[in-house]
Amino acid sequence: MSTTMAVEPLSILHTGVFLAVVYGLYGWLVAVPWAPFLLAGRVRRLFDSIPPSEWRVNYALWLPVPGAVWGFLCGCVVSLSLDVRPTGKASPLYVSGVDGIAAATAVSLLLWPTLLLYVLPNRGFDWYAEDRVPTTVLLVVAAAVWYLLWLVVPTYVLAVFAGFGDSFSAT
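Please read these numbers as outputs of a predicted model, since none were measured by experiment.

Engineer: Requested: an account of the overall build of the protein, with residues and values cited.
Structural biologist: Assigned secondary structure in the protein consists of 6 helices and 0 strands. Shown N-terminal to C-terminal, the secondary structure of the protein runs as helices and strands in the order α-α-α-α-α-α. By principal-axis analysis of the C-alpha atoms, the protein measures approximately 60 × 30 × 30 Å. Taken over 171 residues, the protein has a buried fraction of 37%. Once local pairs closer than 6 in sequence are excluded, the contacts in the protein between residues at least 24 apart make up 73%. The positive charge centre, built from 8 side chains, and the negative charge centre, built from 9, are 7 Å apart in the protein.

Structure follows, in structure tokens:
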């Protein structure tokens, strides 16, 4: 007996947009522990190079963007996983939450360093022209990983608690 689950695009989009807004707002909170990366002049030059061209304003404006993108990716995968994953022994909310976290993290680890190190310089925002050294690449990757840790850990904790709540409500 084969059971097929229906994929609901509006539900997927709704969940993605909802988590994009939530994690975009949460991105401002992540700005505090992420601030030590501003000690590197290269990172301040990055924020100076994007409009409106003042690093303090850009820091406040652009730091929520990675959180919003990560939240959108995670939300879409969570919703899609809930639509297509058959129920098993683990709670569907927990399993789909872990799916969303894994997918959003993997895409983000590829997306943000590629965007910052290759796409922006090729589009005229060459924020590290003088510093084309391996330490700049290491700095960007470390900044992305540090930012993602602040997104992944709370989301994983929520997935665990949502999964427990989902398991207990089924009994």
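Engineer: I'd like a description of the environment of F164, backed by residues and values.
Structural biologist: Tracing the sequence through the fold places F164 in helix α6 (residues 134-169). It is 7.8 Å that separates the C-alpha atoms of F164 and Y94, two residues lying 70 residues apart in sequence.

Engineer: Tell me about the nonpolar core, and please be specific about residues and values.
Structural biologist: Ranked by size, the top nonpolar core spans 25 residues in total, and within it W34, L38, V43, F47, Y59, L63 and W70 carry the most contacts. Looking at this core, the elements with two or more residues in it are α1 (9-34), α2 (41-49), α3 (55-62), α4 (64-84), α5 (92-122) and α6. For this core, the leading source of residues is α6, giving 6 residues. Not counting residues up to four positions away in its chain, the partners in contact with V43 are W34, F37, L38 and L139.

Engineer: Provide a residue-level description of α5, including the pertinent values.
Structural biologist: Since the α-helix advances by 3.6 residues per turn, residues separated by three or four positions end up pointing in the same direction. Under the 1.5 Å per step criterion, the end-to-end length of α5 is 42 Å for 31 residues, consistent within 8% with the ideal 45 Å. Within two residues after α5, G124 carries a phi angle of roughly 100 degrees, on the positive side.

Engineer: Go over the packing of α4 against α5 with me, naming the residues and quoting the values.
Structural biologist: Contact pair α4 / α5: the axes reach a minimum separation of 7 Å and the direction vectors enclose 140 degrees. When the axis of α4 is compared with that of α5, the two are oblique. In terms of crossing hand, the pair formed by α4 and α5 is right-handed. Classifying every residue of the contact of α4 with α5 by side-chain character gives 17 nonpolar, 6 polar and 1 charged.

Engineer: Talk me through the packing of α1 against α4; I want residue IDs and the actual numbers.
Structural biologist: As a packed pair, α1 and α4 sit with axes 6 Å apart at the nearest point and diverge in direction by 150 degrees. Relative to α4, α1 is oriented roughly antiparallel. Considering how the two elements wind past one another, α1 and α4 form a crossing that is right-handed. Residues S11, I12, L13, T15, G16, V17, L19, A20, Y23, G24, G27 and W28 of α1 form the contact with α4, whose participating residues are P64, G67, A68, W70, G71, F72, C74, G75, C76, S79, L80 and D83. Of the residues belonging to the contact of α1 with α4, the class tally is 14 nonpolar, 9 polar and 1 charged.

Conventions used here
- Residues numbered from 1 in each chain as written.
- Predicted model: local features only at pLDDT ≥ 70, side-chain atom pairs only at ≥ 80, totals over all residues.
- Heavy atoms only, no water.
- Helix = DSSP H or I, 4+ residues; strand = E, 2+ residues; numbered from the N terminus.
- Buried < 20%, exposed > 50% of the residue type's maximum accessible area, 1.4 Å probe, protein only.
- Contact = heavy atoms within 4.5 Å.
- Lys, Arg positive; Asp, Glu negative; His and termini not counted.
- Charge placed at Lys NZ, Arg CZ, Asp CG, Glu CD.
- Core = buried A, V, L, I, M, F, W, Y, C linked by side-chain atoms within 4.5 Å.
- Expected span 1.5 Å × (residues − 1).
- Axes fitted to C-alpha atoms, helices over the stretch in contact; angles between N-to-C directions.
- Parallel < 35°, antiparallel > 145°, perpendicular 65-115°, else oblique.
- Left-handed = near helix turned anticlockwise from the far one by under 90°.
- Nonpolar A, V, L, I, M, F, W, Y, C, P; charged D, E, K, R; others polar.

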